[in-house]
Amino acid sequence: RRPHTHARTHARIGVVRAMATHAFPCVVAGDAVRAVQRRGRKPTRVVRASSAATPNDQGAYAETVGRVRAHGLDGTFTLSFDPPCSTSSQSFVEEVSLRDGTLRAMSGFDGDKCWDVNWYGDATDDALDGAHLSMLMTWARTGMPWGDIENAGTRRLVRTKQLARGVDAKRAKALYGLEAPKPVGETAKKSTSKSRGNARSSSFDRRTASAPKIPSCPTSIFAVSIVDGGRVGGRVFVDDATGLAWRAEFYHQRGVEQWSFDKWETVDIGSGAQTSVPRIAHRIHAEGQVTVFSAETTTRRSDAEAMFRKPAGAVEWAREKSWLLKNNPDGVPLEAMRGEGGHFLVKPRVEGPEKRQDATSWFVVDTATAGFAIAPRVADAVSMESFGSMAISGVAAPLEGALRSADLLCLGAFTLSKPIFMEQNLDGAVRMPNGGELGGVLGCPAFAHTVLSIHAPMRIPGSRDAPKVTVKVIEPAEYAPSNEVQRAWMPVTFISGVPYVELEYTIANDGFQGVTEQVMERKGLFKLAIGTGGVGALLSSKVARDADVANRTHALQPGGIMSGPGESSGRLQRVGEEIVTGRVETIRFKGFEFKNIRAVLHLDGDPGDVDLSPHAEGAICADCFRGCELILDFSNNRIAVIPP
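Residues numbered from 1 in each chain as written. Predicted model: local features only at pLDDT ≥ 70, side-chain atom pairs only at ≥ 80, totals over all residues. Heavy atoms only, no water.

Draft legend 1. Spotlight on the pairing of strand 20 (residues 362–365). Where burial is concerned, the two faces of strand 20 agree: the one with Trp-362 and Val-364 and the one with Phe-363 and Val-365 are both buried. Of the strand pairs in this sheet, strand 20 and strand 27 (residues 438–442) are connected by four bridges, and their pairing is parallel. Paired with Val-365 across the strands is Leu-442, a residue of strand 27. (Buried < 20%, exposed > 50% of the residue type's maximum accessible area, 1.4 Å probe, protein only. Helix = DSSP H or I, 4+ residues; strand = E, 2+ residues; numbered from the N terminus. Pairing = 2+ DSSP bridges.)

Draft legend 2. Region of interest: the sheet that holds strand 28 (residues 451–456). With respect to topology, six strands assemble into an open sheet ordered 15-29-28-40-41-30, the strand pairing being antiparallel. Bordering the open sheet on either side are strand 15 (332–334) and strand 30 (490–491), each of which pairs with just one other strand.

Draft legend 3. Spotlight on the sheet that holds strand 24 (residues 408–411). Read across the sheet, five strands follow the order 14-25-24-18-19 without closing on themselves; strand pairing throughout is antiparallel. In the strand order of this sheet, the two ends are held by strand 14 (321–323) and strand 19 (357–358), each with one partner. The pairing of strand 18 (residues 349–351) with strand 24 spans three bridges and is antiparallel. Note that in strand 24 the partner of Val-350 across the bridge is Leu-409.

Draft legend 4. Spatial organisation of the nonpolar core. Membership of the largest hydrophobic core comes to 123 residues, with the highest contact counts inside it found for Trp-139, Trp-146, Phe-589 and Phe-625. Per element, the largest residue contribution to this core is seven residues, and it comes from helix 2 (residues 128–141). In contact with Phe-589, other than residues within four places in its own chain, are Met-490, Val-501, Leu-503, Phe-594, Ile-620, Phe-625, Ile-639 and Val-641. Ala-370, Val-498, Ala-529 and Ala-616 belong to the second-largest nonpolar core, a separate cluster that totals 16 residues. (Core = buried A, V, L, I, M, F, W, Y, C linked by side-chain atoms within 4.5 Å. Contact = heavy atoms within 4.5 Å.)

Draft legend 5. Seen up close, helix 2. Taking 1.5 Å as the rise per residue, helix 2 with 14 residues should run 20 Å; its terminal C-alpha atoms sit 20 Å apart, in good agreement. Counting buried residues in helix 2 gives 13 out of 14 residues, a clear majority hidden from the surface. Gly-143 lies just past helix 2 and shows a positive phi near 80°. (Expected span 1.5 Å × (residues − 1).)

The analysis is restricted to geometry; functional conclusions fall outside its scope.
Shown next, in the form of structure tokens:
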């Protein structure tokens, strides 16, 4: 269904997250009520108080330690949390270490904000649906009393509705449950370099594939979501006898996260405080991979309140990052060009064992990706180690690929040690000039400690030559922005590891079907998705409906999208009846305004592989950035767009 110019490079490369984030509609409380009413049952009231939480006055914080299997790899986890009680802040922090500490990540909630630390040691706040999903999934693992939420310390944060009570567990699952995708390893074939995204050897492990059996117990089902605008919904299946969950489902833009719990134990953590933890927490990700947490011990911690805060300095597993040149405020230019769909392509240097290097392959710059991807031929050429696997949302089904480890990634004068790539077959993902091949994808971790300046002029009228794009990498400590850039800075919000920016925009009116309003002015969050090409913007299906975009701009509906250079020529490619193009009159950054932008609309709902936050109006794509200079300063959570 997706335009092939951006179908695969747009897919988000996931990172290991202790409370993993991540095109089902969100089943929030209101939807759940309507579903229950259709079945003839009466829901209970919404429990929604507003008093602020305070620290646990007994000081009894819990720490659960155990084993984990994720990405086809064995490891350990440590989960510290404030147990549910009337004064609990429900804070938590979890660290996951895989493959003897080769891959480590951490995430947490300090009672106010959620945050993450990725494999490279980069710490960022997580907002909106990324945070909400992390919170709900972790609370399901730490004994949240869903039937007594008013006394759980989260009454200021969680909305619940009881959908049913006393239903046999198997019948409850049949009536109220949704199935997660089959574990990707279960059906994955052994890949060759021509297989699309599959791992070289299946990571499927039958020890982790089977979820705990459905218990025999009367069950209550609760619809849950975060209060005040939460758009991640869930359903929790609770054993009426114990008040503890045996199953939980959480619905978000990529699909359903399915959790199963077994062997709950009540643990005394001192000072008269107790908490409940499951020995087994089994998760099937929306992308189809399986993670299993096996708890071993739970003890009391008295210093956990400080632990809940985002690390202020470098964590011990942070990858080494260095600059080869100093005193260079103008930065180092990269060999760069634009793909036919407008993508920005650069040539980094990738170094494997024994100093084997590749510096000739083109990589696409993709700010909507929270990791790296690499073509098998490039990984093999530098003898990258292959291990484990990762799955991402694909066009028609999840895509799985092996993890590949390099020794060094060099981007201009910036070097990152021990980068981890997901192996993907990228043939046809981007229209390469002169029939070249795409070597990989550079996501946000490549730019977390750099300033990236992209100078993208317009084509000279009458010229057959494509405009020359200039990409520079600058050390943040030495960067001296001009006054124009200073005035143009805009803050970015990170959701699940990728940046969003709030923009003003107007949707054009081409005078169709009785629409009389000349322009419709709107404001909202847009994902910064410059790895998506062939179009200037993607508008969410909600915006398409609310603004009646298809009817307002029907004159530009080709039944597909425009691909090609995108300024004065291109090819029309039919994609599907449910995908149309509309016209956005203006998109306004603080220091620049784009006009007459082509936008893709999915009239039948946003596909999962678009991975668009339900809080967002759409995504700004590569083809929009023409005739401008784009400056990305993710180390300071800001971007700027100015005239070239």
